[in-house]
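# Remarks on the overall topology
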Amino acid sequence: MLKIKELYVTINDQEILKGINLEVNPGELHAIMGPNGSGKSTLASVLAGREEVNVTSGSIEYNGEDLLEMDPEERAHKGVFLGFQYPVEIPGVSMVNFMKTAVNEQRKQRGMEELSASDFLKLMREKSEFVGLKNNLTNRAVNEGFSGGEKKRNEIFQMAMLDPALSILDETDSGLDIDALKAVANGVNKLKRKDNATVVITHYQRLLDYIIPDFVHVLYKGKIVKSSDKSLALELEEKGYDWLEKEVEV
Amino acid sequence: MMNDQDKVLKEVTQSDYKFGFTSNIETESLPKGLNEEVIRLISEKKNEPEFMLEFRLKAYRNWLKMKTPQWAHLKIPEIDYQDIIYYAAPKQKAKPSSLDEVDPELLDTFNRLGIPLEEQKHLSGVAVDAVLDSTSVKTTFKETLAEKGIIFCSFAEAVQEHPDLVKKYMGTVVPAGDNYFAALNSAVFSDGSFCYIPKGVRCPMELSTYFRINAANTGQFERTLIIAEDDSYVSYLEGCTAPMRDENQLHAAVVEIVALENAEVKYSTVQNWYPGDKNGKGGIYNFVTKRGMCKGNNSKISWTQVETGSAITWKYPSCILRGDNSVGEFYSVAVTNNHQQADTGTKMTHIGKNTKSTIISKGISAGQSNNSYRGLVKVMKNAENARNFSQCDSLLMGDKCGAHTFPYLEIDNKSAIIEHEATTSKIGEDQIFYCNQRGIDTEAAIGLIVNGYAKEVLNKLPMEFAVEAQKLLQITLEGSVG
């Protein structure tokens, strides 16, 4: 589904990613861990197509197509979803209106008819129950006045609504209390299927107590320095990131 | 990164004006220029009673002594008032008695504007008065309204058929010498709308006037007078468009509203005069005086405006809160793009006791435009317990435009409670990217964000207008993000 090859990325002329290789297949859940400043969020940004991220070399293939050639909205239409580390507030725009526009835009691009108002509201209700988002949140403006936890749950709710093929969740666990963390993890687990894939980007291992990854990668100074199964996450939790320094230098 | 942003910005702001066509309608007009003779001719053409001519001449003599106001945050080019045609009217043999007799080209014009005049299409319940080049072309639903005693007709017709009402109220809210442009209008206005709601009547439908400038080199000077008797209610809509022309055209209108005891008047405007091209060439100069008088106790006047057109907008719909417990409201969205300039706001004058006013102003600037809010809240000595709440927000798109806020307060009574809030924000790249990531393209994202920002005001518009206004906001800003 996703093939990243020898990816080099700069932001403001500063090299952040230095030769990333990663392959994600349908049905897989990958966790990318790493200390602050290792390039985790940059990786998420480059996948979603943020403007300020500059790919200097390498390639990203998504379902056989060149992902880097696509606009952010085209990527979204083709099933790429980014759960934001800092979800953005859009005052005055209701979640209902926002999601309706997004869902119908996606349907239009896929040659499907727009959902009727009643079908749409039904879907909203269904999915908000599914991820445990309180109904009154969906009646409010996009992220406006949401608590940190509500914002993150709202990201998972949107993920459920858009039913993406590839979800990248950027630090979705940061700043969450244990209940919110469980709710988010629960949502991710429930949305996991054989035909979709999820990449969870996180600093801490605690999210991985609730989401069991198939693969864990350690991103360090712009490179994936270690890949293994979930035991790696536990090792990181125990030893921190410092021990990697020695291993990498070797 | 900045470059890309500018590119998108440019695209969104640079869409074309949809109503820029001209219609091939024969017009009858007076030669260019303004003098007492022209004013006498206008009055004569309209077969006006003596008091009208006197009103016009008095206004003209006032105007001669006045100067163009310079206090607005606008660059107003010199206007040659002798180079303007002050009277142009579609040529018709006689006043049409039914739509069949109206010039088909004229009907076509209004159809292209999306204003069907055929009454059967008007079961939606909006009565329309259409004004082309200063002359009222057709007023629909007159009979239905007449059953309730409501008078809704062109101003010229009101002068003929209801001279007493005109004489009693015209100029009582906006006096002939009120300001430069109001004086000019009072001297030369050719038509407009007139509306009278009798005591105790709730007008069963929205009343609507569509203004259209068609002829070249012509100024449009229309005048609207709305009188709401005790315990009455009316909601009034006004829309306007004009062809794309290279030269600037002058529009100087006057609107007067009188609300008597317990009466309520809602006045909504969607102003979409031709704004000029992307380089600032052409466009309408829109100098408008709109004022309402809450004359009776417990009366209420509410202005809602969506201003997207005109090269220059100079407009301050105001309320004089004379009656005790009277209420004035002003809800405004003003969008400027490319080289447009707007200086708009309101004046709330509290005279009666327990009077209340609310001001919600949302400015949106894009391109190289300048957008100013200017508002005065005045509380007179005897206005016990006056209350005002003002909120003035500005939204900037890109870094080449300007937003300015000029709030004035004159408070002469200690019991007054005045609140003022102001914010300035930019449409963030982050907001747009967030929408993009959910599959919403940049143009739709701007539409969504801007409509969200202006929602408080758009919600005040009648349904049919709200939809139109939302689309208009999006079209006006097509091509412009930051």
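Right above here is the structure, for reference.
Everything numeric in this text was worked out from a predicted model, so none of it was measured.

Let's shift gears to the overall build of chain B. On a plain count of helices and strands, chain B comes out with twelve helices and 23 strands. Taken over 482 residues, chain B has a buried fraction of 63%. Expressed as a percentage of contacts within chain B between residues at least 6 apart in sequence, the contacts between residues at least 24 apart total 84%. Accessible surface for chain B amounts to roughly 18100 Å². Of this, 47% is attributable to carbon and sulfur atoms.

Bringing the nonpolar core into the picture now. By size, the foremost hydrophobic cluster in this structure holds 100 residues, and its most contacted members are Phe98(A) and Met99(A). Ranked by size, the runner-up nonpolar core spans 56 residues in total, among them Leu34(B), Met170(B), Phe181(B) and Leu260(B).

Residue and element names in this part refer to chain B. Within the secondary structure, Ser 369 is located in the loop between β19 (356-365) and β20 (370-379). Looking at Ser 369, the relative accessible area reads 1%, which means it is buried. Excluding residues that lie within four positions of it along the chain, Ser 369 makes contacts with Thr 336, Asn 337, Asn 338, Gln 340, Cys 401 and Gly 402.

Before going further, it helps to spend a moment on the packing of aromatic side chains. As enumerated under the stated definition, the model contains 21 aromatic pairs over all chains in all. For the ring pair Phe155(B) and Phe189(B), a centre distance of 5.3 Å and an interplane angle of 85° mean the geometry is edge-to-face. Linking Phe155(B) in helix α6 (residues 155-161) with Phe189(B) in the loop between α8 (180-188) and β6 (191-197), this pair joins segments that are 34 residues apart in sequence. When its relative accessible area of 1% is taken as the criterion, Phe155(B) is described as buried. The exposure class of Phe189(B) is buried, given its relative accessible area of 1%. Among the aromatic residues, those joined into a ring-pair cluster are Tyr60(B), Trp63(B), Trp71(B), Tyr81(B), Tyr180(B), Phe181(B), Tyr285(B), Phe287(B), Trp314(B) and Tyr316(B). Above the ring of Phe130(A), the side-chain terminus of Lys127(A) is found at 5.8 Å from the ring centroid. Here the basic side chain of Lys362(B) rests over the ring of Tyr453(B), its NZ or CZ set 5.0 Å away from the ring centre.

Looking now at the state of the cysteines. Counted under the stated rule, the structure contains zero disulfides over all chains. Unpaired in this structure, Cys294(B) has its nearest cysteine sulfur neighbour in Cys319(B), at a distance of 5.7 Å.

Our next topic: the sheet that holds strand β5 (residues 65-66) of chain A. Residues and elements named next belong to chain A. The sheet built from four strands is open, its strands ordered β2-β1-β4-β5 with antiparallel pairing. Each end of this open sheet is capped by a strand with a single partner; those strands are β2 (14-24) and β5. Sheet contacts for helix α1 (residues 40-48): β1 (2-11), β2 and β4 (53-62); angle to β1, the most-contacted strand, approximately 110°.

All names here are of chain B. Relative to the helices and strands, Gly 328 resides in strand β17 (residues 327-336). The spatial distance from the C-alpha of Gly 328 to the C-alpha of Glu 264 is 10.0 Å, given a sequence separation of 64 residues. The contact partners of Gly 328, leaving out residues within four places of it in the chain, are Ile 301, Cys 319, Leu 321, Met 348, Lys 356, Ser 357 and Thr 358.

All names here are of chain B. Where helix α2 (residues 36-45) meets helix α3 (residues 50-64), the axes come as close as 10 Å, and the angle between the chain directions of the two elements is 155°. In terms of their interaxial angle, α2 and α3 are classed as roughly antiparallel. Viewed along their axes, α2 and α3 form a crossing whose handedness is right-handed. Of the residues in α3, those in contact with Glu 36, Ile 39, Arg 40, Ile 42 and Ser 43 of α2 are Leu 53, Arg 56, Leu 57, Tyr 60 and Arg 61. Class assignment of the residues belonging to the contact of α2 with α3 gives a composition of five nonpolar, one polar and four charged.

For an α-helix, 3.6 residues make a turn, and residues three or four places apart therefore share a direction. Residue and element names in this part refer to chain B. Buried within α2 are the following residues: Val 38, Ile 39, Ile 42 and Ser 43. Looking down the long axis of α2, one finds its buried residues gathered within 135° of arc, a one-sided arrangement. Of the residues in α2, the exposed ones pointing more than 90 degrees away from the buried face are Glu 37 and Glu 44. Against α3 and α8 lie the buried residues of α2. Capping the start of α2 is the job of one residue whose side-chain oxygen sits 2.9 Å from the backbone nitrogen of Glu 37: Asn 35. Trailing α2 by a residue or two, Asn 47 shows a phi angle of about 55°, which is positive.

Turning next to the sheet that holds strand β3 (residues 29-33) of chain A. Residues and elements named next belong to chain A. A sheet is described by the order of its strands in space; here six strands give the open sequence β6-β9-β10-β3-β11-β12, paired in mixed fashion. With one partner strand each, in any of the chains shown, β6 (80-83) and β12 (223-228) form the two edges of the open sheet. Along the sheet, successive strands turn relative to each other by an average axial angle of 20°, direction set aside. Sheet strands in contact with α1 are β3, β6, β9 (166-170), β10 (197-202) and β11 (215-220), and its direction is about 145° off that of β9.

This brings us to helix α8 (residues 231-239) of chain A. Residue and element names in this part refer to chain A. When we look at burial in α8, the residues that qualify are Leu 232, Ala 233 and Leu 236. In a view along the axis of α8, the buried residues occupy a sector of 100°, so they form one face of it. Positive phi shows up at Gly 240, right after α8, with a value of about 75°.

Moving on to the interface of chain B and chain A. With 21 residues of chain B in contact, the opposing surface of chain A contributes 30 residues. The contact between chain B and chain A buries some 2200 Å² in all, and 63% of this surface belongs to carbon and sulfur atoms. By the criterion of area lost to chain A, the three top residues of chain B are Phe433(B), Tyr434(B) and Arg438(B), representing 34% of everything that side buries. Inspection of the region where chain B meets chain A yields two salt bridges. Residue Arg50(A) is joined to Asp430(B) by a salt bridge in which the shortest nitrogen-to-oxygen separation is 3.5 Å. Counting every contact that joins chain B to chain A gives eleven residue pairs in polar contact (both at pLDDT 80 or more).

Our focus in this paragraph is the packing of helix α3 (residues 95-109) of chain A against helix α4 (residues 117-130) of chain A. Residues and elements named next belong to chain A. One way to put it is that α3 packs onto α4 with a least axis distance of 11 Å and a crossing angle of 110°. By the angle between their axes, α3 is roughly perpendicular relative to α4. For the pair α3 and α4, contact is made by Met 95, Val 96, Met 99, Lys 100 and Val 103 and by Phe 120, Leu 121 and Met 124, respectively. Taken together, the residues that form the contact of α3 with α4 break down as seven nonpolar, no polar and one charged.

Rules used in this analysis
- Residues numbered from 1 in each chain as written.
- Chains lettered and ligands numbered in written order.
- Predicted model: local features only at pLDDT ≥ 70, side-chain atom pairs only at ≥ 80, totals over all residues.
- Heavy atoms only, no water.
- Helix = DSSP H or I, 4+ residues; strand = E, 2+ residues; numbered from the N terminus.
- Buried < 20%, exposed > 50% of the residue type's maximum accessible area, 1.4 Å probe, protein only.
- Contact = heavy atoms within 4.5 Å.
- Areas by Shrake-Rupley, 256 points an atom, 1.4 Å probe, with all protein chains shown as cover.
- Core = buried A, V, L, I, M, F, W, Y, C linked by side-chain atoms within 4.5 Å.
- Phe/Tyr/Trp six-rings, centres within 6.5 Å; stacked < 30°, edge-to-face > 60°.
- Lys NZ or Arg CZ within 6 Å of the ring centre and 35° of its normal.
- Disulfide = S-S within 2.5 Å.
- Pairing = 2+ DSSP bridges.
- Axes fitted to C-alpha atoms, helices over the stretch in contact; angles between N-to-C directions.
- Parallel < 35°, antiparallel > 145°, perpendicular 65-115°, else oblique.
- Left-handed = near helix turned anticlockwise from the far one by under 90°.
- Nonpolar A, V, L, I, M, F, W, Y, C, P; charged D, E, K, R; others polar.
- Arc of directions from axis to C-beta.
- Polar contact = N/O pair within 3.5 Å; in protein donor to acceptor, adjacent residues only side chain to side chain.
- Buried area = accessible area lost by both parts, 1.4 Å probe.
- Salt bridge = Lys/Arg side-chain N within 4 Å of Asp/Glu carboxyl O.

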